[in-house]
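# Architecture and fold: a report
So you can see what is in the structure, the chains are spelled out below.
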Amino acid sequence: KNEVEQSPQNLTAQEGEFITINCSYSVGISALHWLQQHPGGGIVSLFMLSSGKKKHGRLIATINIQEKHSSLHITASHPRDSAVYICAVRKTQGGSEKLVFGKGMKLTVNP
Amino acid sequence: DTGVSQDPRHKITKRGQNVTFRCDPISEHNRLYWYRQTLGQGPEFLTYFQNEAQLEKSRLLSDRFSAERPKGSFSTLEIQRTEQGDSAMYLCASSRTGRAAFFGQGTRLTVV
């Protein structure tokens, strides 16, 4: 079983819809990242959080440490939000701060 | 441009050839990571440097793979005697201790 699981694996939405992407993990973590990857490969870090909630523009990320679960919400979705969204965790064990990644969720927002 | 840059962006090579990729991290970042991503999967950790010291290597990194960060700045990842299974996106990331990682655009390797 993967240490980081994301759901759903794929999602197609209409422009303007509210979107939620889920991430569950099974290990102790010091931080969780939400990342965005567009076709062509480049990864952009959206959020790094260890507790509570963060907001940036139309994006909101929440984390529940007790339940080992995080969500990424996109409000008023737009076709330019189409990308793969990846959840990654920084495990508490070890000092490297390397990330363990989920498989990602491919989001398609249709106009 | 003060982001993480990787070179080349794309590399096609014949099986058995050696390839070398370069990563230039953000200048004040002491940590540098290499990850590999195959189609439809999330990235997987390969190796990590703190300054010039290579402190951790994944079991994914076979004897054919070697990475260096000679002066604690840029890093190179070399793959010797490439195999078709090495075809993947190779991602570099850098960070300051305890801070978020910044990723490069990746080098897409195709072994034919």
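Below, the structure is looked at part by part.

## Section: the overall build of chain A
Within chain A, the secondary structure is distributed over 0 helices and 11 strands. Walking chain A from its N terminus toward its C terminus, one meets helices and strands in the order β-β-β-β-β-β-β-β-β-β-β. Scaling as 2.2 N^0.38, a compact globule of 111 residues should have a C-alpha radius of gyration of about 13 Å, and chain A matches this with 14 Å. Dimensions along the principal axes, computed over C-alpha positions, put chain A at roughly 45 × 30 × 25 Å. Split into buried and exposed, the 111 residues of chain A put 45% on the buried side. In chain A, 55% of the contacts between residues at least 6 apart in sequence involve partners at least 24 apart. Across chain A, 12 positive and 7 negative side-chain charges occur, with their mean positions spaced 5 Å apart.

## A few points about the overall build of chain B
Scanning chain B from N- to C-terminus turns up 0 helices and 11 strands. N-terminal to C-terminal, the α/β element order of chain B is β-β-β-β-β-β-β-β-β-β-β. Taking 13 Å as the expected radius of gyration for a compact globule of 112 residues, we find that chain B reaches 13 Å, a close match to that expectation. The principal-axis extents of the C-alpha atoms in chain B amount to approximately 40 × 25 × 25 Å. Counting only contacts in chain B whose residues sit at least 6 apart along the sequence, the fraction spanning at least 24 positions is 52%. For chain B, the accessible surface area stands at approximately 5800 Å², while carbon and sulfur atoms represent 43% of it. Each charge class in chain B can be summarised by its mean position, and for the 16 positive and 12 negative side chains these summaries are 2 Å apart.

## With respect to the sheet that holds strand 1 (residues 5-7) of chain B
All names here are of chain B. In space, the 4 strands of this open sheet follow the order 1-3-8-7, with antiparallel pairing throughout. What marks the edges here is a single partner per strand, and that holds for strand 1 and strand 7 (65-68). Pairs of neighbouring strands in the sheet enclose a mean axial angle of 15°, with direction left out of account.

## Some words on the interface of chain A and chain B
On the chain B side, the residues contacting the 19 residues of chain A number 23 residues. Put simply, chain A and chain B have 2 salt bridges between them. Taking the shortest distance from any N to any O, the salt bridge between A:Glu97 and B:Arg31 comes out at 3.4 Å. Taken together, the links from chain A to chain B amount to 5 residue pairs in polar contact (both at pLDDT 80 or more). Of all the elements in the fold, those that place two or more residues in the side of chain A that touches chain B are strand 4 (29-37), strand 5 (43-49), strand 9 (83-91) and strand 10 (99-101) of chain A. Taken together, the residues of the side of chain A that touches chain B sort by class into 6 nonpolar, 9 polar and 4 charged.

## A short note on the sheet that holds strand 7 (residues 59-64) of chain A
All names here are of chain A. In spatial order, the strands read 1-3-8-7-6; together these 5 strands make up an open sheet with antiparallel pairing. This sheet does not close on itself; its edge strands, each paired only once, are strand 1 (4-7) and strand 6 (52-56). Strand after strand, the sheet turns through a mean of 15° between neighbouring axes, direction not considered. Relative to strand 8 (residues 69-74), strand 7 is paired through 6 bridges, and the arrangement is antiparallel. Paired with Thr62 across the two strands is Ser71, which belongs to strand 8.

## Structural notes on the state of the cysteines
In total, this model carries 2 disulfides over all chains according to the counting rule given. For A:Cys23, the disulfide goes to A:Cys87, at an S-S distance of 2.0 Å. Every disulfide takes its handedness from the sign of the S-S torsion; for A:Cys23 and A:Cys87 that torsion is -65°, giving left-handed. Taken together, the residues A:Cys23 in strand 3 (residues 19-25) and A:Cys87 in strand 9 connect sequence positions 64 residues apart. Given a relative accessible area of 0%, A:Cys87 falls into the buried group. Shown here is the disulfide that connects B:Cys23 with B:Cys92, its sulfur atoms set 1.9 Å apart. On the sign convention where negative means left-handed, the S-S torsion of about -70° between B:Cys23 and B:Cys92 marks this disulfide as left-handed. You can see B:Cys23 sitting in strand 3 (residues 19-24) and its partner B:Cys92 sitting in strand 9 (residues 88-95), a full 69 residues away along the chain.

Basis of the calculations
Sequence order as written defines the numbering, with residues in each chain counted from 1. All chains are assigned letters beginning with A, and all ligands numbers beginning with 1, in the order in which they are written. This being a predicted model, a pLDDT of at least 70 is required before a residue's local features are given, and a value of 80 or more before pairs of side-chain atoms are given or counted; all residues contribute to the totals for chains, interfaces and linings. To obtain the side-chain values, all non-hydrogen atoms of the structure were used and water was disregarded. The helix count covers DSSP runs of H or I at least four residues long, the strand count covers runs of E at least two residues long, and both are numbered beginning at the N terminus. Between the two quantities, the radius of gyration covers C-alpha atoms and the globule rule is 2.2 Å times the number of residues to the power 0.38. Burial status follows relative accessibility: with a 1.4 Å probe on protein chains alone, a residue under 20% of its type maximum counts as buried, one over 50% as exposed, and anything between as partly exposed. Should any heavy atoms of two residues lie within 4.5 Å, those residues are counted as being in contact. Charge assignment in this entry is limited to Lys and Arg as positive and Asp and Glu as negative, and neither His nor the chain termini are counted. By convention, charge coordinates are those of NZ in Lys, CZ in Arg, CG in Asp, or CD in Glu. For the area figures, the Shrake-Rupley method with a 1.4 Å probe applies, and any residue is considered shielded solely by the protein chains shown. Here, strands pair whenever DSSP counts at least two bridges between them. Throughout, an axis means a line fitted to C-alpha atoms (over the contacting stretch in the case of helices), and angles, computed between N-to-C directions, take values from 0 to 180 degrees. Should a side-chain nitrogen of Lys or Arg be within 4 Å of a carboxyl oxygen of Asp or Glu, the pair is scored as a salt bridge. Whenever two N or O atoms come within 3.5 Å, that pair is a polar contact, provided that in protein one can donate a hydrogen and the other can accept it, and provided that, for residues adjacent in sequence, both atoms are side-chain atoms. By the convention adopted, Pro, Cys, Tyr, Trp, Phe, Met, Ile, Leu, Val and Ala count as nonpolar, Lys, Arg, Asp and Glu as charged, and the other residues, Gly among them, as polar. Cysteine sulfur atoms are paired as a disulfide whenever they come within 2.5 Å of each other.

The values are spatial; any link to function lies outside them.
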